[in-house]
Amino acid sequence: MKKINLMFVTHEPPILGHGGSGNYLNMMIKFFRIKGHKVSLFIVDWGFLDTKIITEALDDLKKNGVEINFVSFKKKNFFNNVIKILYLIFKPSNIYFKQAKYIQNKLSKFHNKIKPDIFFLYCAQSLEWTKNIKDTKKFCPLIELPFLNSKLWLNFAINKRFQYKSLSKRFFAFINLYINYFSQKKIIRLYKNCDFKAHVSYDYYNFLKQKKIEKIKYYNHPVEDIKLEHKDMINKKLFKGNENN
């Protein structure tokens, strides 16, 4: 098997025991490492987990030869809030793809250093962050479709269910619907330019097929939420698979 230089790009922390996405990414990184491929990781701190938890997990990956660029967002100030209001009026998708230019620059420098053969893009934002890099193939196994979700949230808001009981929460449900309408259109446009496309959600897969997206594959998510006590069992399975190949 030809060895490849693979860069994961994501905002999901690749950590076991903290959700399906984290489990999946952790296993994918280990799988490619076991197969002898060079693996790097560009990750943006989206605030899903405590930074200490993330950095400890990333330190473990570094010990196993994964080169990592961990990026935090720039601190907000009054000027940023003014820009956000202007985006809301003139370019609402920029609110969803927050600080994209800043992250694009960080990723471009890391890309020039690593020179990967292929991107493993995990999240819709990663499509935006890598859109200006043309000389590296892109594989994307999952994207979000925020407008579809916003319609569900709007139904909750109208019926004052769950967290949408206050007037302010219901108002922001309408704002999110507006923002995510334009964001989803942009996501689909970016997704079409991926070299290899797939999705783990059958509903999303069918929706994307209806949008005339060609050569997209569906596959079952290989990892459910995994408890930490299963970690040794998972590693044994991975190494066994490597021995059989």
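Residues numbered from 1 in each chain as written. Predicted model: local features only at pLDDT ≥ 70, side-chain atom pairs only at ≥ 80, totals over all residues. Heavy atoms only, no water.

## Some remarks on the pattern of salt bridges
Here the idea is simple: oppositely charged side chains can pair when their charged atoms come close.
So, step 1. Taken as a whole, this structure holds four salt bridges when the rule is applied.
So, step 2. Taking the shortest distance from any N to any O, the salt bridge between Glu67 and Lys113 comes out at 2.7 Å. In this pair, Glu67 is assigned in strand E3 (residues 67–71) and Lys113 in helix H5 (residues 100–114), connecting sequence segments 46 residues apart.
So, step 3. With a relative accessible area of 29%, Glu67 lands in the partly exposed category.
So, step 4. Taking relative accessible area as the criterion, Lys113 reaches 55% and is therefore assigned exposed.
So, step 5. Taking the shortest distance from any N to any O, the salt bridge between Lys131 and Glu128 comes out at 3.2 Å.
So, step 6. A residue is classified by how much of its surface remains accessible, and Lys131, at 25% relative accessible area, is partly exposed.
So, step 7. Beyond isolated ion pairs, a larger network of salt bridges with shared partners links Glu128, Lys131 and Lys186. (Salt bridge = Lys/Arg side-chain N within 4 Å of Asp/Glu carboxyl O. Helix = DSSP H or I, 4+ residues; strand = E, 2+ residues; numbered from the N terminus. Buried < 20%, exposed > 50% of the residue type's maximum accessible area, 1.4 Å probe, protein only.)

## Quick look at the environment of Leu61
So, step 1. As for its position among the elements, Leu61 is in helix H2 (residues 51–63).
So, step 2. The buried category is assigned to Leu61, whose relative accessible area is 8%.
So, step 3. Spatially, the C-alpha atom of Leu61 lies 8.8 Å from that of Ile29, the residues being 32 residues apart in sequence.
So, step 4. Residues in contact with Leu61, not counting those within four places in the same chain, are Pro14, Ile29, Leu41, Val66 and Ile68. (Contact = heavy atoms within 4.5 Å.)

## As for a positive patch on the surface
So, step 1. Judged by side-chain charge, Lys91, Lys101, Lys151, Lys185, Arg189, Lys192 and Lys211 come together as a positively charged surface patch.
So, step 2. Relative to the elements of secondary structure, Lys151 occurs in helix H7 (residues 146–158).
So, step 3. By relative accessible area, which is 44% here, Lys151 ends up partly exposed. (Patch = residues over 30% accessible without salt bridge, like charges linked within 9 Å, V, L, I, M, F, W, Y side chains within 5 Å. Areas by Shrake-Rupley, 256 points an atom, 1.4 Å probe, with all protein chains shown as cover. Lys, Arg positive; Asp, Glu negative; His and termini not counted. Charge placed at Lys NZ, Arg CZ, Asp CG, Glu CD.)

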